[in-house]
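In case you want the letters, here they are:
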Amino acid sequence: MQQIIFFFIRNKNFLLFAVLFTISVALTIQTHNYHNDKYISSANYITGGIYTFRNNVADYFSLGKENEQLLQENLMLRKKLDQFKEVVNVEKLDSTFLSSKFTYFTARVINNNYSKTKNQLTLDKGRKDSIKIDLAVISSKGIVGIVSDVSENYATVQSILNTQSRINAKLKNSGDFGSLKWDTKNPNIAQLIDIPRIAKIKKGDTIVTGGRSTIFPEGILIGTIKDFHLDNDDNYYYVNIDLFNDMTSLEHVYLIENNDAQEIIELEKGVEDEEQ
Amino acid sequence: MKNNDIIVNIVRFIVLVFLQVLMLNNINIAGYINPYLYIFFILMYPLDGNKGLLIFLSFLLGLSIDIFEDSGGVHAAACAFIAYIRPVVLKYSFGVSYEYNSVKIKKADPMERLTYIASLVFMHHFVMFSLEIFSVKHILLLLKSTLFSGIFTIILIVCTLVLFNRKST
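Residues numbered from 1 in each chain as written. Chains lettered and ligands numbered in written order. Predicted model: local features only at pLDDT ≥ 70, side-chain atom pairs only at ≥ 80, totals over all residues.

Draft legend 1. Focus on the overall build of chain B. Counting its regular elements, chain B contains six helices and zero strands. Along chain B, helices (α) and strands (β) appear in the sequence α-α-α-α-α-α when read from the amino end. Relative to a compact globule of 169 residues, whose C-alpha radius of gyration would be 15 Å, chain B shows 16 Å and is just as compact. By its C-alpha atoms, chain B is 45 × 30 × 30 Å across when sized along the principal axes. Out of the 169 residues belonging to chain B, those deemed buried represent 40%. Long-range contacts, defined here as pairs at least 24 residues apart, represent 63% of the contacts in chain B between residues at least 6 apart. (Helix = DSSP H or I, 4+ residues; strand = E, 2+ residues; numbered from the N terminus. Rg over C-alpha atoms; globule rule 2.2 N^0.38 Å. Buried ≥ 20, exposed ≤ 12 C-beta atoms within 10 Å, placed from the backbone. Contact = placed C-beta atoms within 7 Å.)

Structure (structure tokens):
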């Protein structure tokens, strides 16, 4: 008995180290699983508060650029509205008839990283503002990511610059589907895989989100084709994409909720159950 | 540890965490090179201080950075590791005598000091990046990140040492 106690006393530093190291490795592995409940996340009261404070200060430095971008977007929306008015007589439309499949929210990015292999963003809206897990996040230029964790006042987003992200995407011209992923090398370039060999693709083609996911609406811009080659088995293309979004400088983003998501998921689950 | 030391270390802990998460994590030279100056705390921890306490404090330090960075426990693991291995590194960089005639890290021979700093920095970065990247496929990225971020960190730590040394004399 005495020997055991002595053993513990002699090796107390090693034991302490071993316990702490195990805890941290466990925490690390836990973050590798996509949206398990996280205990350690920047969407908590203290870190969220500090990041908000930093952003309140840092926002002033990019006001000019942000305004320019919002102007551009307004201009584009105005043009679209005018085109729409020409086709439909808008006077008759009451806003109660304008029920949409999607609900939009806005948020500000208070923390953004893009230099790791599993990048996350933190937003200043949370459960209080009816933000939920699995909402789509886009900016005025294109796709950003998916909400992965929500607290009362903040939310974290799994960026498309994350080795675990897989997003359904398609070629705008031909409609061929593939999945979007990221090879960690460059924050401005993402990869599209699983495009079948028979697809007609060429440099400069636009890539948009496909309608097959319950998260993203169809046709959100992603990027243009930079270059492509066949993969090892010669069956699928491996495509490098220049992202429209500058993922290194994000300020304001939109969140999109698909109001039918629940229904679709339940329906698909029902089909799977019947098959079994 | 003297009273003065305790206060200095508490202040250093807090200042380094804030400096790291508010400024240094956003440098991103060439897209992925960041200095990790916060381990300065572990390097400068008094040589005669309690070793168990150092391991625990280092874990806390790493965990604070992890909470801000959403990275699980990669910094905590790396910090606990270098805190545990520190006595060994001290021994081979300053010789066996460090335990008896209390070598001052700030006043040690520059070459010995550099060995000490560089070994701990590279060990920390290697453990941290391997846990963060967590895949054999990206081994090149791991080595590249360790090397470049490591060099950046070492330069910053040496600069910090020089700056604060001048102040005290």
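Draft legend 2. Focus on the sheet that holds strand 11 (residues 236–243) of chain A. Residues and elements named next belong to chain A. Spatially, six strands are ordered 6-7-8-11-10-9 in a closed barrel, and the strand pairing comes out antiparallel. Averaged over all pairs of adjacent strands, the angle between their axes in this sheet comes to 40 degrees, without regard to strand direction. Where strand 6 (residues 167–171) lies against strand 9 (residues 206–209), three bridges are found, and the strand directions are antiparallel. Counted as the bridge partner of Leu171 is Ile207 from strand 9. (Pairing = 2+ DSSP bridges. Axes fitted to C-alpha atoms, helices over the stretch in contact; angles between N-to-C directions.)

Draft legend 3. A look at the nonpolar core. Residues Leu123, Val137, Val147 and Val253 of chain A are the most contacted members of the largest nonpolar core, which totals 43 residues. Here this core gets five residues from one element, more than from any other, and that element is strand 4 (residues 143–150) of chain A. When neighbours within four sequence positions are excluded, Val253 of chain A is seen to be in contact with Ala107, Val109, Leu123, Val137, Ile138, Ser139 and Val144 of chain A. In terms of nonpolar packing, the next biggest core, distinct from the first, is built from 42 residues, Leu54, Leu63, Ala76 and Ala77 of chain B among them. (Core = buried A, V, L, I, M, F, W, Y, C linked by C-beta atoms within 7 Å.)

Draft legend 4. Quick peek at the packing of helix 3 (residues 51–69) of chain B against helix 4 (residues 74–94) of chain B. All names here are of chain B. Following both chains from N to C, one finds helix 3 and helix 4 inclined at 155 degrees, their axes separated by 7 Å at the closest point. By the angle class used here, helix 3 and helix 4 are roughly antiparallel. By crossing handedness, the relation of helix 3 to helix 4 is classed as right-handed. Each of Lys51, Leu54, Ile55, Ser58, Phe59, Leu61, Gly62, Leu63, Ile65 and Asp66 in helix 3 lies in contact with helix 4, whose residues at this interface are Val74, His75, Ala76, Ala78, Cys79, Ala80, Ala83, Tyr84 and Pro87. (Parallel < 35°, antiparallel > 145°, perpendicular 65-115°, else oblique. Left-handed = near helix turned anticlockwise from the far one by under 90°.)

Draft legend 5. Representation of helix 4 of chain B within the structure. Residue and element names in this part refer to chain B. Over its 21 residues, helix 4 extends 29 Å from the first C-alpha to the last, a length consistent with the 30 Å expected when each residue adds 1.5 Å. Remark: the principal bend of helix 4, roughly 50 degrees, maps to Arg86, with a proline, Pro87, within the next four residues. Directly beyond the C-terminal end of helix 4, a positive phi value near 85 degrees is found at Gly95. (Expected span 1.5 Å × (residues − 1). Bend = angle between axes of the 7 residues up to and from the residue.)

Draft legend 6. Focus on the sheet that holds strand 1 (residues 102–112) of chain A. All names here are of chain A. Judged by pairing direction, the barrel is antiparallel, and its six strands sit side by side in the order 1-2-5-4-3-12 before closing back on the first. Taken pair by pair, the neighbouring strands of this sheet meet at an average axis angle of 45 degrees, ignoring direction. Both strand 4 and strand 5 (residues 155–162) contribute to a ladder of five bridges, which runs antiparallel. Bridged to Gly145 within strand 5 is Ser159.

Draft legend 7. Spotlight on the interface of chain B and chain A. In this complex, chain B contributes 29 residues to the contact, which on the side of chain A involves 27 residues. The greatest single-element share of the side of chain B that touches chain A, amounting to eight residues, is contributed by helix 3 of chain B. Its residues assigned to classes, the side of chain B that touches chain A shows 17 nonpolar, eight polar and four charged. (Nonpolar A, V, L, I, M, F, W, Y, C, P; charged D, E, K, R; others polar.)

Draft legend 8. Unusual backbone geometry, seen in detail. Residue and element names in this part refer to chain A. Even without being glycine, Ser130 reaches a positive phi, approximately 55 degrees. With a phi close to 65 degrees, Asp194 is a non-glycine residue in the positive phi region. For Asp194, the position within the fold is in strand 8 (residues 189–196). By the C-beta count within 10 Å, which is 19 here, Asp194 ends up partly exposed.

Draft legend 9. Examining the packing of helix 1 (residues 3–22) of chain B against helix 3 of chain B more closely. Residue and element names in this part refer to chain B. Direction vectors running N to C along helix 1 and helix 3 enclose 30 degrees, while the axes themselves pass 10 Å from each other. Between helix 1 and helix 3, the interaxial angle falls into the category roughly parallel. Crossing of helix 1 over helix 3 shows right-handed handedness. When helix 1 is examined against helix 3, the residues Phe13, Val17, Gln20 and Val21 are found in contact with a partner set consisting of Leu61, Ser64, Ile65 and Phe68.

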